[in-house]
Amino acid sequence: MDRKELEAKVIELVAASYGKDESEVTLATSFKTDLGGASVQMVALVSEIENELDAMVALADASACETVEDLVNAVEEEM
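This is a predicted model, so every value here is computed, not measured. (Residues numbered from 1 in each chain as written. Predicted model: local features only at pLDDT ≥ 70, side-chain atom pairs only at ≥ 80, totals over all residues. Heavy atoms only, no water.)

Undergrad: Help me get a handle on the overall build of the chain, residues and values and all.
TA: For the chain, the helix and strand inventory stands at four helices and zero strands. Ordering the α and β elements of the chain from the N terminus gives α-α-α-α. Over its C-alpha atoms, taken along the principal directions, the chain stretches across nearly 25 × 25 × 20 Å. Long-range pairs, those at least 24 residues apart, make up 54% of the contacts in the chain with a sequence separation of at least 6. Entry remark: accessible area of the chain is about 4,500 Å², with carbon and sulfur atoms responsible for 47%. Computed over 5 positive and 19 negative side-chain charges, the separation of the two mean positions in the chain equals 5 Å. (Helix = DSSP H or I, 4+ residues; strand = E, 2+ residues; numbered from the N terminus. Contact = heavy atoms within 4.5 Å. Areas by Shrake-Rupley, 256 points an atom, 1.4 Å probe, with all protein chains shown as cover. Lys, Arg positive; Asp, Glu negative; His and termini not counted. Charge placed at Lys NZ, Arg CZ, Asp CG, Glu CD.)

Undergrad: Give me the packing of helix α1 (residues 3-18) against helix α4 (residues 68-78): which residues, what numbers.
TA: Direction vectors running N to C along α1 and α4 enclose 120°, while the axes themselves pass 10 Å from each other. Taken together, the axis directions place α1 and α4 in an arrangement best described as oblique. Crossing hand, α1 versus α4: right-handed. Between α1 and α4, the contacting residues are R3, L6, E7, V10, I11 and V14 on the first element and V68, E69, L71, V72, N73, V75 and E76 on the second. Grouping the constituent residues of the contact of α1 with α4 by class yields eight nonpolar, one polar and four charged. (Axes fitted to C-alpha atoms, helices over the stretch in contact; angles between N-to-C directions. Parallel < 35°, antiparallel > 145°, perpendicular 65-115°, else oblique. Left-handed = near helix turned anticlockwise from the far one by under 90°. Nonpolar A, V, L, I, M, F, W, Y, C, P; charged D, E, K, R; others polar.)

Undergrad: Break down the nonpolar core for me, citing the residues and quoting the values.
TA: In terms of nonpolar packing, the biggest core is built from 24 residues, with V10, V14, F31, L45, I49, L71 and V75 touching the most fellow members. Secondary-structure elements contributing two or more residues to this core are α1, α2 (39-53) and α4. In terms of residues, this core owes the most to one element, α1, which gives seven residues. Leave out the neighbours within four places in its chain, and L45 touches L13, V14, S17, Y18, F31 and L71. (Core = buried A, V, L, I, M, F, W, Y, C linked by side-chain atoms within 4.5 Å. Buried < 20%, exposed > 50% of the residue type's maximum accessible area, 1.4 Å probe, protein only.)

Keep in mind these values describe shape, not function.
Shown next as structure tokens:
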């Protein structure tokens, strides 16, 4: 999977986990200010990343991500 495909997949998973339309989520989207950053949603997102992308990102690492791009970078490191 190349970087663009990974970015698109993570955006898709973020949108699904946070109940947003994919068009509302970009790499610059902030988990805290744009998505509300609920920890329950982050737990679900990490689980989906593990299931869909076979990348084991620690919840603490994912929760430390400020933007969707930060999360993409964390996932890329684990792949």
